[in-house]
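Chain residues, written in single-letter form:
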Amino acid sequence: MHDPARRLPGEGVFSLLLTGISLFLFYQATQISGFEALSAPGSFPLFSTGCMVITSALVALRTLRLPHSEEHGWQAILPGFVIFMTVLMLFYALALKPVGFLPTSFVFLLIATKVMMRTSIARAALIAALSLILVYVVFRLVFSVLMPEGIVPERELISAMRRLLSGGAE
């Protein structure tokens, strides 16, 4: 088991890389026009990237102060679970457009929940379905974010729901 009081191989480089990326994103945020008010377009990106710079720098400083761990090899840097989740995300990205958001996201959430929680397939399916419903309602129905439709005739379903809710009148 890993001792959190020791630095794993690659942690120092990763934390410095994260700080560098945060600084780059902060610079990019300063290029967005509109810092006149708190509600201006550039305010939130500047605030969020500023938080990223501060927290990543603190993490880097804390990480670099730790003594090296005795662990070596790829297992310490890239555990099997990380490789599994990376491959799962790659399959998700490749299947998203042809299959569609709803079925692809459900399968992704089902597998990820099953593996991470080590629970029954029924409980993982319930958690995946509830999570997907929440995400769908917030992003598709509230914020009107278009998501890849794929094999599910989403527009027809939304249209039918609207007709049903309006009492059949169009």
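Criteria and thresholds
Residues numbered from 1 in each chain as written. Predicted model: local features only at pLDDT ≥ 70, side-chain atom pairs only at ≥ 80, totals over all residues. Heavy atoms only, no water. Helix = DSSP H or I, 4+ residues; strand = E, 2+ residues; numbered from the N terminus. Rg over C-alpha atoms; globule rule 2.2 N^0.38 Å. Buried < 20%, exposed > 50% of the residue type's maximum accessible area, 1.4 Å probe, protein only. Domains from an automatic or database assignment. Core = buried A, V, L, I, M, F, W, Y, C linked by side-chain atoms within 4.5 Å. Contact = heavy atoms within 4.5 Å. Phe/Tyr/Trp six-rings, centres within 6.5 Å; stacked < 30°, edge-to-face > 60°. Expected span 1.5 Å × (residues − 1). pLDDT = per-residue confidence, 0-100.

Participant: What is the right way to read the overall build of the protein chain from this model?
Facilitator: In terms of helices and strands, the protein chain carries seven helices and zero strands. Taken from the N to the C terminus, the helices and strands of the protein chain come in the order α-α-α-α-α-α-α. Scaling as 2.2 N^0.38, a compact globule of 170 residues should have a C-alpha radius of gyration of about 15 Å, whereas the protein chain reaches 22 Å, well beyond that. Considering only C-alpha atoms, the protein chain reaches an extent of 70 × 50 × 25 Å along its principal axes. When the 170 residues of the protein chain are sorted by exposure, 23% land in the buried category.

Participant: Help me understand the domain arrangement of the protein chain, please; the structure alone is not making it clear to me.
Facilitator: You'll often see interface size given as the accessible area lost when the parts meet. Entries for the protein chain in the domain assignment read domain 1 (11–76) and domain 2 (79–165). Placing a centre on the C-alpha atoms of domain 1 and another on those of domain 2 gives a separation of 29 Å.

Participant: Please explain unusual backbone geometry as it appears in this structure.
Facilitator: Leaving glycine aside, a negative phi is the common case for residues, and trans is the common case for peptide bonds. With a phi close to 50 degrees, Arg118 is a non-glycine residue in the positive phi region. By secondary structure assignment, the location of Arg118 is in the loop between helix H5 (101–117) and helix H6 (121–142).

Participant: Please clarify how the nonpolar core should be interpreted in this entry.
Facilitator: Nonpolar side chains tend toward joint burial in soluble globular proteins. Core analysis: the biggest nonpolar cluster contains five residues, these being Phe101, Leu132, Tyr136, Met147 and Ile158. Apart from residues lying up to four places away in sequence, Phe101 is in contact with Tyr92, Leu96, Leu132, Val135, Tyr136, Met147 and Pro148.

Participant: In this structure, what is going on with the packing of aromatic side chains? I would like to understand it.
Facilitator: Any two aromatic rings considered together are summarised by their centre-to-centre distance and by the angle between their planes. On inspection of all chains with the given rule, the structure shows two aromatic pairs. Ring centres of Tyr92 and Phe108 lie 5.0 Å apart, and the angle between their planes is 50 degrees; this geometry places the pair in the tilted category. Here Tyr92, found in helix H4 (residues 80–99), pairs with Phe108, found in helix H5; they are 16 residues apart in sequence, far enough to count as distant. Assessed through its relative accessible area of 21%, Tyr92 is described here as partly exposed. Ring centres 6.3 Å apart and planes at 50 degrees place the aromatic pair Phe139 and Phe143 in the tilted group. Residue Phe139 is classed as partly exposed on the basis of its relative accessible area of 39%.

Participant: Would you explain H4 in this entry?
Facilitator: Owing to its 3.6 residues per turn, the α-helix aligns residues three or four sequence positions apart on the same side. The end-to-end C-alpha separation of H4 is 27 Å, in line with the 28 Å expected for 20 residues at 1.5 Å each. Phi turns positive, to about 110 degrees, at Gly100, one or two residues after H4.

Participant: Looking at this structure, how should I read the side chain of Thr49?
Facilitator: Secondary-structure assignment places Thr49 in helix H2 (residues 43–65). Ignoring any residue separated from it by four or fewer positions in sequence, one finds Thr49 in contact with Ser22, Leu25, Phe26 and Ala29.

Participant: I would appreciate a short explanation of the environment of Lys97 in the present structure.
Facilitator: Take Lys97: it is sitting in helix H4. With residues near it in sequence (within four places) discarded, Lys97 still touches Pro148 and Gly150.

Participant: For this particular structure, what's the right way to read the confidence of the model for the protein chain?
Facilitator: Parts of the model with low pLDDT should not have their predicted coordinates read in detail. When the pLDDT values of the protein chain are averaged, the result is 87; 92% of them are 70 or greater. Mean pLDDT values for the elements of the protein chain range from 70 in helix H3 (residues 74–77) up to 96 in H5.

Participant: Would you mind going over the environment of Gly20 with me for this structure?
Facilitator: Mapped onto the fold, Gly20 is located in helix H1 (residues 11–30). Assessed through its relative accessible area of 35%, Gly20 is described here as partly exposed. On a C-alpha basis, the gap between Gly20 and Leu96 in space is 31 Å, while along the polypeptide they are 76 residues apart.

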